[in-house]
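One-letter residues, chain by chain:
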Amino acid sequence: MNRPKQLNALSGDLMGAVVGALQELDADPEIRAIVLGGGERAFAAGADITELAAGTPVSLYENRRIDEWDKIRGLRTPVVAAVSGFCLGGGCELAMLCDLIVASETAKFGQPEINLGVLPGAGGTQRLTRAVGKAIAMDMILTGRMIGAREALGLGLVARVVAKEAWLDEAKRVAGEIAAKGPIAVRLAKEAVDQAFEAPLSVGVEFERRAFYLARASEDATEGLTAFVEKRPPDFKGR
């Protein structure tokens, strides 16, 4: 994302471009992991306030731009958020839509919409609560408090925190690790983990079991198991 003067404020045009690019990459079978990043000063500092202020309840409902965000959850390819600097409001919601977050030690996370007389509208009240728990989510959402990268790591909001010079390189390295695995197993595992947030335990376990059987039926699984026995690196084909 590249609106540096606006700290990557998420206008409708920018979000449309982000969703379109992610869907295009997701449709390419050669792409096995995606990194979504912003700039060093900000992943995204929130929604485009000028655009939001100009909208009406009816226009916001009719243009359905927030609905576009739901398409990110439908991506099969894992997405790593590379976060440096501000990750606030819609930016935090966007990062939480990704599968994992690699954060610079400079990163700041928050849902400060309450300061503007509104509240998170793209999943922040739901995903933040699932990520950090009710007490912290209430604190952040009702007061607008920001948290730093280390606190976010301790709360389970982010997966890794690295030096400010390494945030993008580390995100790419993590994506490279994911891309080196069997793509069928990776996609099924991603779906199974998402089920842990969206379904009761019994349903999630049943989904996991069926996903495991499906993964085992792939050529990649046979290759991976055979390579382990033969003490050689596996050559996954995505079949």
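Shown above is the structure to which this text applies.
A brief report on the enclosed structure follows.

Parameters and conventions
- Residues numbered from 1 in each chain as written.
- Predicted model: local features only at pLDDT ≥ 70, side-chain atom pairs only at ≥ 80, totals over all residues.
- Heavy atoms only, no water.
- Helix = DSSP H or I, 4+ residues; strand = E, 2+ residues; numbered from the N terminus.
- Rg over C-alpha atoms; globule rule 2.2 N^0.38 Å.
- Buried < 20%, exposed > 50% of the residue type's maximum accessible area, 1.4 Å probe, protein only.
- Areas by Shrake-Rupley, 256 points an atom, 1.4 Å probe, with all protein chains shown as cover.
- Pairing = 2+ DSSP bridges.
- Axes fitted to C-alpha atoms, helices over the stretch in contact; angles between N-to-C directions.
- Contact = heavy atoms within 4.5 Å.
- Polar contact = N/O pair within 3.5 Å; in protein donor to acceptor, adjacent residues only side chain to side chain.
- Parallel < 35°, antiparallel > 145°, perpendicular 65-115°, else oblique.
- Left-handed = near helix turned anticlockwise from the far one by under 90°.
- Nonpolar A, V, L, I, M, F, W, Y, C, P; charged D, E, K, R; others polar.

## Re the overall build of the chain
For step 1, the next point in the chain: Looking only at helices and strands, one finds 12 helices and 8 strands in the chain.
For step 2, the next point in the chain: On C-alpha atoms alone, the chain measures out to a radius of gyration of 19 Å, which is about the 18 Å that the 2.2 N^0.38 rule sets for 239 residues.
For step 3, the next point in the chain: Overall, the C-alpha framework of the chain stretches about 60 × 40 × 35 Å when taken along its three principal axes.
For step 4, the next point in the chain: Expressed as a percentage of its 239 residues, the buried residues of the chain come to 40%.
For step 5, the next point in the chain: Surface summary for the chain: the accessible area is close to 13100 Å², and the carbon and sulfur share equals 58%.

## Digging into the sheet that holds strand β8 (residues 160-162)
For step 1, the next point in the chain: On the basis of which strands lie adjacent, the open sheet formed by 4 strands has the order β1-β3-β5-β8 and parallel pairing. Of all the strands in the sheet, just β1 (34-37) and β8 have a single pairing partner and so form its edges. Taking each pair of neighbouring strands and ignoring which way they run, the sheet shows an average axis angle of 25°.
For step 2, the next point in the chain: Pairing of strand β3 (residues 79-83) with strand β5 (residues 100-104), which is carried by 4 bridges, proceeds in the parallel orientation. Bridged to Ala81 within β5 is Ile101.
For step 3, the next point in the chain: Running at roughly 170° to β3, helix α9 (residues 167-179) makes contact with β1, β3, β5 and β8 of the sheet.

## A short note on the side chain of Glu113
For step 1, the next point in the chain: On the secondary structure map, Glu113 appears in the loop between β6 (108-110) and α6 (124-132).
For step 2, the next point in the chain: A polar contact of 3.0 Å, which involves the side chain of Glu113, links it to the side chain of Gln111.
For step 3, the next point in the chain: Once you skip the residues sitting within four places of it in the chain, Glu113 turns out to touch Gly89, Gly90, Glu93, Val118, Leu119 and Pro120.

## As for unusual backbone geometry
Among all residues save glycine, negative phi is the norm, and among peptide bonds the norm is trans.
For step 1, the next point in the chain: Despite not being glycine, Leu7 shows a phi value in the positive range, around 50°.
For step 2, the next point in the chain: Here Leu7 lies in the segment before α1 (12-26).
For step 3, the next point in the chain: Its identity is not glycine, yet Lys231 carries a phi of approximately 55°, on the positive side.
For step 4, the next point in the chain: Look at Lys231 and you get exposed, because its relative accessible area is 76%.

## Quick notes on the environment of Ala192
For step 1, the next point in the chain: As for its placement among the helices and strands, Ala192 is situated in helix α10 (residues 183-198).
For step 2, the next point in the chain: When the C-alpha positions of Ala192 and Ile114 are compared, they lie 33 Å apart, and in sequence the two are 78 residues distant.
For step 3, the next point in the chain: Setting aside anything within four residues of it in sequence, one finds Ala192 in contact with Phe207 and Glu208.

## Details of the packing of α6 against helix α7 (residues 134-143)
For step 1, the next point in the chain: Where α6 contacts α7, the axes come no closer than 7 Å and their chain directions differ by 135°. By the angle between their axes, α6 is oblique relative to α7. Where α6 crosses over α7, the handedness of that crossing is right-handed. Facing Gly124, Thr125, Leu128, Thr129 and Val132 of α6, the residues of α7 in contact are Lys134, Ile136, Ala137, Met140 and Ile141.
For step 2, the next point in the chain: A per-class count over the contact of α6 with α7 returns 6 nonpolar, 3 polar and 1 charged.

## Let's talk about the packing of α10 against helix α11 (residues 201-216)
For step 1, the next point in the chain: Relative to each other, α10 and α11 sit at 175°, their axes nearing to 9 Å. For the element pair α10 / α11, the angle class is roughly antiparallel. Facing α10, whose interface residues are Leu188, Glu191, Ala192 and Gln195, α11 presents Val203, Gly204, Phe207, Glu208, Ala211, Leu214 and Ala215.

## Describing the sheet that holds strand β2 (residues 42-44)
Sheets are built from strands that pair by backbone hydrogen bonding, the pairs being arranged parallel or antiparallel.
For step 1, the next point in the chain: Ordered by their spatial adjacency, 4 strands build an open sheet running β2-β4-β6-β7, and the pairing between neighbours is mixed. The strands lining the two open edges of the sheet, one partner per strand, are β2 and β7 (147-148).
For step 2, the next point in the chain: Pairing of β6 with β7, which is carried by 2 bridges, proceeds in the antiparallel orientation. Residue Lys108 lies in a different strand from β7, and its bridge partner there is Gly148.
For step 3, the next point in the chain: Across the sheet, helix α5 (residues 90-97) lies against β2, β4 (86-88) and β6, angled at about 90° from β4, the strand it touches most.

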